[in-house]
Amino acid sequence: SGVVPIAPDGSVPAGVADQAAVVWSSISAILAEASMGPADIVSVVTYVVVGEDLGSVMTARDVALEGNLVASTLVYVPNLAQPAWKVEVAVVAVA
């Protein structure tokens, strides 16, 4: 399943760039819990609601991956599970 843009305080940022930052921050925390990091990610699937700014979403991904080159798929979707969500990311990491 994917990681959605819910901040630790339960809020959802309004903009897609801020949502992408929250998602990647959450992914980093999940990886750290497993003693893993960006170098352990082998695949990323990014779901973005049609009409949102892809540049900011991809920039957040690239920053979070710290130069690690991975298989990456982008899927445009009409909606996500909650109307406020504009981006969701699923990763596969291998230790």
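Summary of the structure given here. (Residues numbered from 1 in each chain as written. Predicted model: local features only at pLDDT ≥ 70, side-chain atom pairs only at ≥ 80, totals over all residues. Heavy atoms only, no water.)

A short note on the side chain of Thr-46
- With respect to the helices and strands, Thr-46 occurs in strand β1 (residues 41-49).
- In this view, Thr-46 contacts Val-57, Met-58, Thr-73, Leu-74, Val-75, Val-87, Glu-88 and Val-89; residues no more than four positions away in its chain are not counted. (Helix = DSSP H or I, 4+ residues; strand = E, 2+ residues; numbered from the N terminus. Contact = heavy atoms within 4.5 Å.)

Focus: the pairing of β1
- Relative to strand β3 (residues 87-93), β1 runs antiparallel, the two being bridged by seven bridges. Looking across to β3, one finds that Val-44 is bridged to Val-91.
- Pairing of β1 with strand β2 (residues 71-77) involves seven bridges; the strand directions are parallel. Directly across from Val-49, in β2, lies its bridge partner Val-77. (Pairing = 2+ DSSP bridges.)

Points about unusual backbone geometry
- A positive phi angle is found at Ser-35, which is not glycine, with a value near 55 degrees.
- Assignment of secondary structure puts Ser-35 in the loop between α1 (16-33) and β1.
- Residue Glu-66 is not a glycine yet carries a positive backbone phi of 50 degrees.
- When you line up the elements, Glu-66 lands in the loop between α2 (54-65) and β2.
- Residue classification places Glu-66 among the exposed residues on the basis of a relative accessible area of 64%. (Buried < 20%, exposed > 50% of the residue type's maximum accessible area, 1.4 Å probe, protein only.)

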